[in-house]
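This is what each chain is made of:
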Amino acid sequence: IRDKLVTGVQTCALPILGARWAAMVVGLAASMVLSGCGAKPSEVEVTAREFSYGPSEVRVERGKPVALHLRNAGAVLHDWTMDRLPARDVRVESGVTHGVHDAKVALHVAAEHGATSTVTFTPTEAGTYDVYCTEPGHREAGMTARVVVQ
């Protein structure tokens with residue numbers, strides 16, 4: 001005896017398909033939670049001015065997405081540059097480019113006077129990482145900070 005078709009699927013297959021789909025959905029949801037996918041990023045605001053960042057130390061959690069907003073309260077362009085930061089999903093959401101294209105730079109976002117720029121990233125290794133402004137003379141004048149990944 002053949003089972004009747006219900007919307008193109010045999011009725012005897014529905015419990016099996018349902019269990020398979022449920023297992024797949026649960027597995028996908030678990031992997032997203034474990035990997036941080038879809039997690040709302042921690043919002044961090046940093047203010048840049050001549051010649052400092054406030055705060056000068058930012059603390060973030062390893063494996064958790066971060067949205068860093070660089071607000072420029074200074075009179076000239078400033079940026080937030082890190083030569084080293086083990087991270088994934090690094091993406092400049094808004095900002096300006098101004099010639100920093102060094103392969104050694106792990107993270108870079110710049111903001112014009114009066115503007116705010118945003119970079120998102122997910123740090124992957126605990127540690128303390130240096131930040132500086134690449135505008136000529138700014139780093140030397142003390143425009144530095146650090147990111148602590150816990």
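This text goes with the structure placed above it.
What comes next concerns the included structure. (Residues numbered from 1 in each chain as written. Predicted model: local features only at pLDDT ≥ 70, side-chain atom pairs only at ≥ 80, totals over all residues. Heavy atoms only, no water.)

**As for the pairing of strand E12 (residues 144-149)**
Side chains on a regular strand alternate between the two faces of the sheet. Note: strand E5 (residues 57-60) against E12, 4 bridges, orientation parallel. By the bridge assignment, Val-58 is partnered in E12 with Val-147. In this structure, strand E11 (residues 127-132) lies alongside E12, joined through 6 bridges in antiparallel fashion. Residue pairing for E12: Thr-128 is matched across the bridge by Val-148. (Pairing = 2+ DSSP bridges. Helix = DSSP H or I, 4+ residues; strand = E, 2+ residues; numbered from the N terminus.)

**Let's talk about the pattern of salt bridges**
Going through the model one piece at a time under the given rule, you end up with 7 salt bridges. A salt bridge links Lys-64 to Glu-61, with the shortest nitrogen-to-oxygen separation between them at 3.7 Å. Its relative accessible area of 44% is what places Lys-64 among the partly exposed residues. One salt bridge in this structure joins Glu-93 and Arg-91, with 2.8 Å as the shortest N-O distance. Taken together, the shared-partner salt bridges in this structure form one network comprising Glu-57, Arg-59 and Arg-146. (Salt bridge = Lys/Arg side-chain N within 4 Å of Asp/Glu carboxyl O. Buried < 20%, exposed > 50% of the residue type's maximum accessible area, 1.4 Å probe, protein only.)

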